[in-house]
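Chain by chain, the residues:
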Protein chains: 4
Amino acid sequence: MARNYFCQDENLIDKMEEECGVFGVYATSDDKVDVANLTYLGLHALQHRGQESAGICVNDKGEFTNRRGMDLVTNVFDEEALEELTGQMAVGHVRYSTTGSSLLSNAQPLVTNSIKGELALAHNGNLVNGLEMRKNLEQRGSIFHSTLDTEVIAHLVARSFKDDIIEALTHSLQKVKGAFSLIAMTEDSLVAARDPHGFRPLAIGKLEDSYIIASETCAFDIIGAEHIRDIEPGEIVVINEEGIKSKYYGERTPYNFCVFEFIYFARPDSVIGGQNVQLAREEIGRQLARETDIEADLVVPVPSSGIPSALGFAEESGVPYKKGILRNRYVGRTFIQPTQEIRNLKVKIKLNPIKDIIEGKRIFLIDDSIVRGTTSKQIIRMMKEAGAKEVHMGIASPPVAYPCYYGLDTSRRQELIAAENSVEEICDHIGADSLTYISQEGLLASIEANGYGFCTACFSGDYPIGEGEGKFSLEC
Amino acid sequence: MARNYFCQDENLIDKMEEECGVFGVYATSDDKVDVANLTYLGLHALQHRGQESAGICVNDKGEFTNRRGMDLVTNVFDEEALEELTGQMAVGHVRYSTTGSSLLSNAQPLVTNSIKGELALAHNGNLVNGLEMRKNLEQRGSIFHSTLDTEVIAHLVARSFKDDIIEALTHSLQKVKGAFSLIAMTEDSLVAARDPHGFRPLAIGKLEDSYIIASETCAFDIIGAEHIRDIEPGEIVVINEEGIKSKYYGERTPYNFCVFEFIYFARPDSVIGGQNVQLAREEIGRQLARETDIEADLVVPVPSSGIPSALGFAEESGVPYKKGILRNRYVGRTFIQPTQEIRNLKVKIKLNPIKDIIEGKRIFLIDDSIVRGTTSKQIIRMMKEAGAKEVHMGIASPPVAYPCYYGLDTSRRQELIAAENSVEEICDHIGADSLTYISQEGLLASIEANGYGFCTACFSGDYPIGEGEGKFSLEC
Amino acid sequence: MARNYFCQDENLIDKMEEECGVFGVYATSDDKVDVANLTYLGLHALQHRGQESAGICVNDKGEFTNRRGMDLVTNVFDEEALEELTGQMAVGHVRYSTTGSSLLSNAQPLVTNSIKGELALAHNGNLVNGLEMRKNLEQRGSIFHSTLDTEVIAHLVARSFKDDIIEALTHSLQKVKGAFSLIAMTEDSLVAARDPHGFRPLAIGKLEDSYIIASETCAFDIIGAEHIRDIEPGEIVVINEEGIKSKYYGERTPYNFCVFEFIYFARPDSVIGGQNVQLAREEIGRQLARETDIEADLVVPVPSSGIPSALGFAEESGVPYKKGILRNRYVGRTFIQPTQEIRNLKVKIKLNPIKDIIEGKRIFLIDDSIVRGTTSKQIIRMMKEAGAKEVHMGIASPPVAYPCYYGLDTSRRQELIAAENSVEEICDHIGADSLTYISQEGLLASIEANGYGFCTACFSGDYPIGEGEGKFSLEC
Amino acid sequence: MARNYFCQDENLIDKMEEECGVFGVYATSDDKVDVANLTYLGLHALQHRGQESAGICVNDKGEFTNRRGMDLVTNVFDEEALEELTGQMAVGHVRYSTTGSSLLSNAQPLVTNSIKGELALAHNGNLVNGLEMRKNLEQRGSIFHSTLDTEVIAHLVARSFKDDIIEALTHSLQKVKGAFSLIAMTEDSLVAARDPHGFRPLAIGKLEDSYIIASETCAFDIIGAEHIRDIEPGEIVVINEEGIKSKYYGERTPYNFCVFEFIYFARPDSVIGGQNVQLAREEIGRQLARETDIEADLVVPVPSSGIPSALGFAEESGVPYKKGILRNRYVGRTFIQPTQEIRNLKVKIKLNPIKDIIEGKRIFLIDDSIVRGTTSKQIIRMMKEAGAKEVHMGIASPPVAYPCYYGLDTSRRQELIAAENSVEEICDHIGADSLTYISQEGLLASIEANGYGFCTACFSGDYPIGEGEGKFSLEC
């Protein structure tokens, strides 16, 4: 039993949605596949990685057509839009970001036309020397049209002394530092590359003779493609009419895979390093149960993110699992009138307690993480007002005390409740009767991903890369 | 154990969403409540009862403003729209319907201005003599602008020999037959009425001194209102500056409440006749377990509708509960390219199996109902392709063999698989290893709603009203 | 020389645009004409009669499709919209109205479906007993959905004791009083009717074997149709597969044709009663010249409405005609920032003086009419600031001192400057050096329309119908 | 009398609208002027120079906000849009172009953010070495996002070895060749520059202490600003808090002002080189009369472009001026059904003959120019079908036989009828009874613009710049 009787908050839910998802397809000439449609389906499966913008760029014998919009994939693309996107290759992207940069000019794929040729880029991650590189390029007369790290790569390619666009891209990736899982499309090739630490997921699949690249394996499942393998840290893969080639463009450092992909980001049916995500989360819940001895009548998840660990927790502890909180399926861009003073309204728009289940019970409430503590506080108050006798909080991650520089929004991270407060203080703040975080060792032991090491910087402050090496920039 | 080793299908999921939800508020002069905002929140809580159109009509000292749109509540109304809706009373409506009548002119509230005064109507249910009444009115020179049953009531009011609009409305309700839970707003009163059989839910709540009317109690919870009581079959309630008055406008027949509200329609946190819906569904699951002796390794729900009964089933049977199917949260108006031949694509857009959980297991799959059998067939095939050793299907309702004339879409009901096929045939059709429906007695025994009797016409063909009494019409 | 040295203003320009235009086509089965396209072109030619809304209803073997929008014809209908409008008959309408009633629900054609069958109505004019009839219908239980006089006719038809829809329509027209030029479309017939005074224009044309009905002959010219004759006051014409039939549904009173159609409304290339409108306006200008002896260096029109009479005036008087004022072709819904204090800005958005022409000259400025005087005042001030030595104003109509109840917007008419002021006072108000109105006799003598008498109520207050006969209502 | 009895065509009307208009304002700190509103009004006055896109960029203490749209100024900007555009400086642009480049990415002002700072550019004209410069920049790694010549200038500025942005801009203008009237806005200065030949107009005005730059003086008139002087060929003017400074950035060549600005482009109330445009056009008409001896009953202009010269022609010749053709004011993006076979439909959508004026007469028809001859042919046919006895065509410009490389669309110029045909052949083609072009000497003698020389390349093929000096590029 690790950190009991303490506390912290959660809006990681909000923040964690700031990731991106990428997808690419290269159809062999013999396959009759509709590349735009496959990308549409793949992005739909990756929608959880970003809901703000969606884009698909197709390549029809060297002619690029790019369509992007600020909405869900299924709203940006209708039948007519998809029919106009014809070709033999496609790259797609979904994105979420902070308000400041929520502009169409920041939507991806980013398509540029330079002396090296047309280039479409779809990017998940964050460069730590992005700002520095950008300043250097501007110094030499480059004009930027977005705040994307991706555009830094595009300018590096345009100015590279290498004539060949693939070589220019490889050369450019050697210059940037940070987290990136990148899909690039040139006039004749589809390229996938992963940073030397492997922070963000990226995998290769195959659909008959066609190659598919995607952030997560769930995008292969929806189109019936087979998952071949994960792309390795520091690897660049080039697919064109000569087939598929791979090389390492830089030093091979050990994996520093983002552990939050297993805790929260990735979709439960995805497989990373051979490990199914849902099963990992259930095991984290079982481990959390082993680390606490709080007595409770019911285990209740904060839906949806707390469900898998709550199921594991219930299994291990023998405490009955109950759906004591209902999630409203229709929460969109709900507008809440500021004049309306209704208690807990903000949380009740999303989550509703079932009084007849909760009343008079000692509840062990499970969530995946706490960021600012605001939502946890509201949920616990809502539970108590619905009649809960005690509310004990269990968290499927250690305290998040340090900002992430590799793809999560850091602007809100100053507000990390665990940065300045002890677990007791957090527990007190959110009004829980106790607060249990899983230990870092327990967490890592729960995930059996072959050959994967993990970045735990947000818990420990041990950054695998960055602080000494350049200014952090902020893009996903 | 009732009907085992047989089968049927489910698209009831689709069909069941064709209900409507109604909401009304009357603010006392002392309360400073924003009636449009309360209605917005109430309709948001009732969104599961209809996603096609949403509308709010406010009454500001006798002046009506009505705004309707073909979308979710949160999309139809933004901050600006709500600010323009000021008043002391409001009526709101959410609706789903079949394609044919999916027109803005069919969205509600319906507002008419006749010699009796302004009248806003929001209606849930279906009149069985609606078409007959409509023809009679047209014969006498009335001009209709929609295909709504609600407009029949509006014309009856306009032509009533009673001068007072409330009396004219009461008089009109005596003439119509069928299912209706109605909220009406006149220049000075808010009126709520329920048909003599009480087919559809309707309840009264209170927020300080203001009165609230809603289809379900979950709409009270979100705004912090207190649930006072359900409106009785045959009762009409009038709220105005003289206070609240109630009377019975017709004969009081026993309750024939739609049992599907407990099986599928109503929100799990709502309370009907004192019975919480989620708990009723868990009990139905427990009863289903008692009625079968199939051996299985795992209980897996078809999300989201099968979850509560699967939890109850697992509890009673001791078979472990597992989330073996994931539901994609972002399913909107997904467009599926007809040219793309991907196996099980239609179902995979919504539901995704978790292979590592399912593989090699005997699965007891639980859903709430089967309508056409198409979706069940696809899910079972998908489960088997994901490696399930056996797939046994359990259904939390008896076979749906007869169309509903009281508020569900009957146009698709010709396709009811249980109308023409035995349970064995259905089981065979959907490809399950066994099929178990709960018995009607078991179902009814699981629901402890005080004083409520149930309409089970869709299982038994015993229609409480209708066939001999006039033509059925089709509106929700 | 009639009324010299006096004055009045003009915004009749604005007001006069509140007319409507109607168009109908009946294609014989042998003609392969695209009725929607002909109606589109006809309405385009009639666009000057109303710019606020446009609508086309087609009839395809009894099935009606109606499309209306709040914009110019060419914006409401694009290629796709027109392709969806197929049939053998069509009715179209363009409309301008005051802000209050500027709603889509007031756009025409009005289509109603009653016991008599489907009926589409397109209407130009104003009923003087419209309000009275409406109240009577409401008393008997009719529900109205617009503020249109046209809807009164629709309800009269629905309630008529005549079973046949044409007879019911004829019967209804006998009950209404006022100005109307009406086109009606039933399931099998196209009907055109003109009120017994013939206030508004209406003509029949022929395109090969197909019949065309239109407000003005310019709508025949654009489609290459031949103008057969004008429809007579009190005449109703029915066209169907039995051919064309005509009868008089009421007493035949002499023509009281709106003289403002010749002064301002009608398009210059239209022919009414055999008289070309442009030539009539030139003759009015010549007559105005005969009635004044003001000395001037240049005759300058207020464009566009003053151009024809200025040309006639210059010809008769020998004073040179000059385009001293330019009209901006791109005036749409220009937004003028209220904070910007620029002299004469409102008029300069539309009209611009050419300083090098005006400077130091005595200008005889010609406009068609003065309503409120505001615009005239601004134009004269603008001319003087541009260097005009003297500005004498000549008006191609007598003072407008009385409101119109037959199709013009009367709500602004309280502001008629000539209602309360002498010509000298008006001249003083607008800042002209002199003001000359044409005399009523001179005006009427200038127009040679065979068999046509004129309504001059707005000059004389002699209303051919109305004041004793019922309440005025306000619709166009 | 010059070229009589011959012919040529006109669609110059269409083509000539491919110009651009520019506007800029610098407010002194003491003036309380709304720069966005002034720009809106100025662009409205310049709308005739381009109707495809409109844009305004404001500068609020160094912060730029740019709004552009594909529509008329009054449609792109409404009250809300203007209110959001606050600042002390503004630059605006209106544009028309060929279909190919009709994209929002080609709308101006073009705003770029480079190492030199923010820069907004609004540009009228065409660079003859634009394509060459662009290729050179791309070779060095610049990435272009539009096909605009303007972007070439932006990249030259970003890469200039001069640190100061004004110096970098001056330096860049020395490198480009062709026609340009440019307004630039930096963080603290407003800059105006005109190419060394002065092909396109550009003038400075003053509104109290604020400076205004505009393509034409009509933009000063609408806002009440005073016209100070024209900007000289090769001059660059910088306005900032130190006041206004001017210098010549290149050699001063004599004026080669586009003569078509006087014939067609410029607005009649504008003044260029001290010459009012309307008066110049009237004088051109008088000169045309002196150059012909054709006998006719009436002079009729093709509206609107032929009106001023027709007035001058009538005055000089004594032949009566008549409005025999009416122009439809509501011609927008009219859609003409391809299936409808109506004679002369395309021209009748815009222009309508007045039969009662034309019939039996010998018409002298006047237009400003003939390009392809298609429209002239249709108009003449339409006039003859309306009963004209003879149609003689007079053109207010010499034959247009050579494409323009300085700002007009050259893509259509291959189709110039005068390039390959004699005047007799053109006359025959368009079906006129005679065709008279004004002589080049007569044309130039009619325009008294102080110090201005003219480019007559489109008549003579004598290009002041270009053919030997680099590739032509195509932008306006």
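None of the values given here were measured: they were computed from a predicted structure. Counting starts from 1 at the beginning of each chain's written sequence and moves along it residue by residue. Think of it this way: whatever chain is written first is A, whatever ligand is written first is 1, and the rest follow in order. Local features in this predicted model are restricted to residues whose pLDDT is 70 or higher, and side-chain atom pairs enter the listing and the counts only when it is 80 or higher, whereas totals over whole chains, interfaces and linings include all residues.

Participant: Please clarify how helix α2 (residues 35-45) of chain A should be interpreted in this entry.
Facilitator: Since the α-helix packs 3.6 residues into each turn, any two residues three or four apart lie on the same face. With C-beta atoms placed from the backbone, a residue counts as buried when 20 or more other C-beta atoms lie within 10 Å of its own, as exposed when 12 or fewer do, and as partly exposed for counts between those limits. Labels follow the DSSP assignment, with helices taken as runs of H or I lasting at least four residues and strands as runs of E lasting at least two, numbered in each case from the N terminus. Counted residue by residue, α2 of chain A has 11 buried out of 11 residues, so it is predominantly covered. Of all the positions in α2 of chain A, only Val35, Ala36, Asn37, Leu38, Thr39, Tyr40, Leu41, Gly42, Leu43, His44 and Ala45 of chain A are classed as buried.

Participant: I'm lost on the relation of the copies chain A and chain D in this one. Help?
Facilitator: The operation linking the two copies of the chain is a rotation about an axis combined with a translation along the axis. Expressed as a screw transformation, the operator carrying chain A onto chain D has a rotation angle of 179 degrees and an axial translation of 0.1 Å, and the superposed copies differ by an RMSD of 0.0 Å. The superposition of one copy onto the other is thereby described by a two-fold rotation axis. Judged by C-alpha distance, serine 142 of chain A is the residue of chain A that lies nearest the rotation axis, at 3.1 Å. Both copies contact each other with a shared surface, as 100% of the interface residues of chain A are interface residues in chain D too. Each copy is superposed on the other by least squares, with the fit set by C-alpha atoms of residues at a pLDDT of at least 70 in both. Two residues qualify as a contact pair if the distance between their C-beta atoms, derived from the backbone, is within 7 Å.

Participant: I'm lost on the relation of the copies chain B and chain A in this one. Help?
Facilitator: At an RMSD of 0.1 Å, chain B and chain A line up after a rotation of 180 degrees and a shift of 0.0 Å along the axis. Interface overlap between copies: 100% of the residues of chain B at the interface are likewise at the interface in chain A, consistent with a symmetric, same-surface contact.

Participant: Would you take a moment to explain the interface of chain B and chain A for this structure?
Facilitator: Many structure descriptions define interface size as the accessible area lost when the parts assemble. Across the boundary between the two partners, chain B contributes 41 residues, which contact 41 residues of chain A. Of all the elements in the fold, those that place two or more residues in the side of chain B that touches chain A are α2 (35-45), α3 (73-76), α4 (79-83), α8 (218-223), α10 (277-290), α11 (307-317) and α13 (355-358) of chain B. The greatest single-element share of the side of chain B that touches chain A, amounting to four residues, is contributed by α8 of chain B.

Participant: Please clarify how the UniProt feature "active site" (unreviewed entry) in chain A should be interpreted in this entry.
Facilitator: Residues and elements named next belong to chain A. In the numbering used here, UniProt assigns the "active site" (unreviewed entry) feature to Cys20. Mapping cysteine 20 onto the fold places it in strand β1 (residues 20-26). Overall, cysteine 20 belongs to the buried group, with 27 C-beta atoms counted inside 10 Å. UniProt positions are given in the numbering used here, feature names are shortened, and annotations may be inferred rather than shown by experiment.

Participant: Can you walk me through helix α7 (residues 165-175) of chain A in this structure?
Facilitator: Burial in α7 of chain A covers these residues: Ile165, Ala168, Leu169, Thr170, Ser172 and Leu173 of chain A. Among the structural elements, β6 (117-127), α6 (149-159), β7 (178-185), β8 (190-194) and β12 (235-240) of chain A are those in contact with the buried residues of α7 of chain A.

Participant: Looking at this structure, I do not really get the pairing of strand β4 (residues 89-95) of chain A. What am I missing?
Facilitator: Along any regular strand the residues' side chains alternate between the sheet's two faces. All names here are of chain A. Counting buried residues in β4 gives seven out of seven residues, a clear majority hidden from the surface. Burial of the side chains of β4 extends over both faces: Met89, Val91, His93 and Arg95 are buried on one face and Ala90, Gly92 and Val94 on the other. DSSP-based pairing: two strands are paired if at least 2 bridges between them are found. As defined by bridge partners, β1 adjoins β4 across seven bridges and the pair is classed as antiparallel. Within β4, the residue paired with valine 22 across the bridge is histidine 93. Pairing analysis gives seven bridges linking strand β2 (residues 53-60) to β4, with the strands arranged antiparallel. Bridge pairing in β4 places isoleucine 56 opposite glycine 92.

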